[in-house]
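Notes for the structure review
Here's the letter readout for the chains.
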Amino acid sequence: MVPSDPGASDGPLYHYCIIRADLPRGVQIAQTIHAAGESCSAGNLPDSTTHAVALETPDEATLLDLEARLVQAGITHVAIREPDAPWNNQLMAIGIPPQVRSKTLRKHLSRYALVR
């Protein structure tokens, strides 16, 4: 899976996962693993450096807004929804396949904090 981003240039790859801050820590970790696994390139990464970046949004509404903006911008991503109770199909996390960091991607992700 090679995402297309017209603003991309050569350089290291960045693999982003964005998670909701309002989830319990154990649920955050599980959903981050889902987002990373589902958005990864199945081991087809070049021999260059890949940076893993974990960001968080304050809640589902903010994550839904990000999902809509990524769709509109044509940025390849995977939305992780949890079908089981108590979440009942809520958007939990988004994984963005490894790609060169670009102005286009930075425009959509720069407002989110790193998970600490």
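Quick notes on the rules
Residues numbered from 1 in each chain as written. Predicted model: local features only at pLDDT ≥ 70, side-chain atom pairs only at ≥ 80, totals over all residues. Heavy atoms only, no water. Helix = DSSP H or I, 4+ residues; strand = E, 2+ residues; numbered from the N terminus. Buried < 20%, exposed > 50% of the residue type's maximum accessible area, 1.4 Å probe, protein only. Contact = heavy atoms within 4.5 Å. Areas by Shrake-Rupley, 256 points an atom, 1.4 Å probe, with all protein chains shown as cover. Core = buried A, V, L, I, M, F, W, Y, C linked by side-chain atoms within 4.5 Å. Pairing = 2+ DSSP bridges. Salt bridge = Lys/Arg side-chain N within 4 Å of Asp/Glu carboxyl O.

**Quick notes on the overall build of the protein**
- Regarding its fold elements, the protein presents three helices and five strands.
- Across the protein, helices and strands are ordered from the amino to the carboxyl terminus as β-α-β-α-β-β-α-β.
- Here the protein holds 116 residues, and the buried ones make up 40% of them.
- A sequence separation of at least 24 residues applies to 77% of the contacts in the protein between residues at least 6 apart.
- Accessible surface for the protein amounts to roughly 6,300 Å². Of this, 54% is attributable to carbon and sulfur atoms.

**With respect to the nonpolar core**
- Judged by nonpolar contacts, the single largest core of 15 residues is most densely connected at Tyr 16, Ile 18, Leu 55, Leu 66, Ile 94, Ile 96 and Leu 109.
- Those elements giving two or more residues to this core turn out to be strand S1 (13-20), strand S2 (50-57), helix H2 (60-73), strand S4 (90-100) and helix H3 (103-109).
- The contact partners of Ile 96, leaving out residues within four places of it in the chain, are His 15, Tyr 16, Ile 18, Ser 39, Leu 70, Ile 75, Thr 76, His 77, Leu 105 and Leu 109.
- Counting nine residues, the second largest nonpolar core, distinct from the first, contains Ile 19, Leu 23, Ala 35 and Val 78.

**A short note on the sheet that holds strand S5 (residues 113-114)**
- Reading across from one edge, S3-S4-S1-S2-S5 is the order of the five strands in this open sheet, with mixed pairing throughout. Either end of the sheet is taken by a strand with one partner, and the two such strands are strand S3 (78-82) and S5.
- Bridging between S2 and S5 involves two bridges; their strand directions are antiparallel. In the sheet register, Leu 55 faces S5, and the bridge partner there is Leu 114.

**Brief notes about the pattern of salt bridges**
- Inspection of the entire model under this criterion finds three salt bridges.
- For Asp 65, the salt bridge goes to Arg 69, with nearest N and O atoms at 3.0 Å. You can see Asp 65 and its partner Arg 69 sitting in helix H2, four residues apart, about one turn around the helix.
- Asp 65 sits in the partly exposed class, given a relative accessible area of 37%.
- We note a salt bridge from Arg 81 to Glu 67, for which the minimum N-O separation is 2.8 Å. Pair noted here: Arg 81 is in strand S3 and Glu 67 is in helix H2, with a separation of 14 residues, a long-range link.
- Overall, the relative accessible area of 33% leaves Arg 81 in the partly exposed class.

Nothing here speaks to function; it is all geometry.
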